[in-house]
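Breakdown of the fold
Residues per chain are reported as follows:
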Amino acid sequence: RTVVSIVARKPVIPGLKLSLGITLFYVGLIIALPIGALIFKAASLGPADYWQIVSSPRAVASYRVTVLSALAATAFNLVFGLALAWVLVRYDFPGRRIVDAIVDLPFALPTAVAGIALTALFAPNGWFGAILMDWGVRVAYTPLGIMIAMSFTSLPFIVRTVQPVLEDLDPALEEAAQSLGGSDASIFARVILPLLAPALMAGVSLSFARSLGEFGAIIFIAGNQPMQTEITALLAYIRLEEFNYPAAAAIASVLLFTAFVMLAITNAAQAWALRYTRRG
């Protein structure tokens, strides 16, 4: 007992106090300070002026466009990202390493470049846009274009959070379910999906938060029409160009609050999923 207590009190990492201090300083300087400045600037307006700005018809329309597009992009990424992660983990095929590397392309590619490329592809005279126009589907300068841009930039979050969990799954669980006569659908729904739930929730929350704040990839393909295809991040940027910093901070604070609420809900859902999995 004495040896255990001594080992427990001994710091595991040498220089823990120094490393902890550096970490807290970094978090405060890079994360907490900008968020605090944003909140402080928005709070300088006063309740009446703040509410007037964030509840204006143009701002509300931008919230609707941003949130609905982000939800649609996240739903698409949930299905496609899970399928892509499954294929990369469970199957070996020519070019798998190339596909796996391409998944990270949105992380490395400047979002403005992605926006220009997507606009060139989906414009009415683009490679894909011209074909879709023959079918009566217009992508560029519509909410559909915003959804595609959000899906492109946020897809890696779901793939990269699910992929390592899939790799670590014990094949014996699936084999046991098969030996008991379970179908492929029931094995996936009742054995694999519950184990993937915490990772899926983390990926979905990150994907949704990224979509809410995306800017560069969207402004080129959205058309930026007020009340129709104008996202909230662009409206905040417009207020900055007008040197109306309090209004820009107020609009940005709505996105910040939404992202925090989404992350809080996801963390609570993850904790519940972990408890449910352990009980099962």
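Everything discussed here concerns the structure shown above.
First, a word on what this report is: a plain description of the structure on this page. (Residues numbered from 1 in each chain as written. Predicted model: local features only at pLDDT ≥ 70, side-chain atom pairs only at ≥ 80, totals over all residues. Heavy atoms only, no water.)

1. A word on the overall build of the chain
- In terms of helices and strands, the chain carries 14 helices and 0 strands.
- C-alpha atoms of the chain, sized along the principal axes, occupy 65 × 55 × 30 Å.
- Classification of the 280 residues of the chain by burial places 34% in the buried group.
- Of the contacts made within the chain by residues no fewer than 6 positions apart, 75% connect residues no fewer than 24 positions apart.
- Put simply, the chain shows about 16600 Å² of open surface, and 71% of that area lies on carbon and sulfur atoms.
- For the chain, the distance from the average position of its 18 positive side-chain charges to the average position of its 15 negative side-chain charges is 13 Å. (Helix = DSSP H or I, 4+ residues; strand = E, 2+ residues; numbered from the N terminus. Buried < 20%, exposed > 50% of the residue type's maximum accessible area, 1.4 Å probe, protein only. Contact = heavy atoms within 4.5 Å. Areas by Shrake-Rupley, 256 points an atom, 1.4 Å probe, with all protein chains shown as cover. Lys, Arg positive; Asp, Glu negative; His and termini not counted. Charge placed at Lys NZ, Arg CZ, Asp CG, Glu CD.)

2. Describing the packing of helix 7 (residues 111-122) against helix 8 (residues 127-134)
- Across the interface, helix 7 lies against helix 8 with an axial gap of 4 Å and an inter-helix angle of 40°. Classified by the interaxial angle, the pair formed by helix 7 and helix 8 is oblique. Along its contact with helix 7, which presents Ala120, Leu121 and Phe122, the element helix 8 presents Trp127, Phe128, Gly129 and Leu132.
- Residues belonging to the contact of helix 7 with helix 8 are distributed by class as follows: 6 nonpolar, 1 polar and no charged. (Axes fitted to C-alpha atoms, helices over the stretch in contact; angles between N-to-C directions. Parallel < 35°, antiparallel > 145°, perpendicular 65-115°, else oblique. Nonpolar A, V, L, I, M, F, W, Y, C, P; charged D, E, K, R; others polar.)

3. Let's talk about the packing of helix 4 (residues 57-90) against helix 11 (residues 184-213)
- Orientation of helix 4 relative to helix 11, taken along the N-to-C sense of each, is 140°, at an axis distance of 9 Å. Taken together, the axes of helix 4 and helix 11 are oblique relative to one another. The handedness of the crossing between helix 4 and helix 11 is right-handed. Here Thr66, Val67, Ala70, Leu71, Ala73, Thr74, Asn77, Leu78, Leu82 and Trp86 of helix 4 come into contact with helix 11, specifically with Phe188, Ile192, Leu196, Leu200, Val204, Ser207, Phe208, Ser211 and Leu212.
- Classifying every residue of the contact of helix 4 with helix 11 by side-chain character gives 14 nonpolar, 5 polar and no charged. (Left-handed = near helix turned anticlockwise from the far one by under 90°.)

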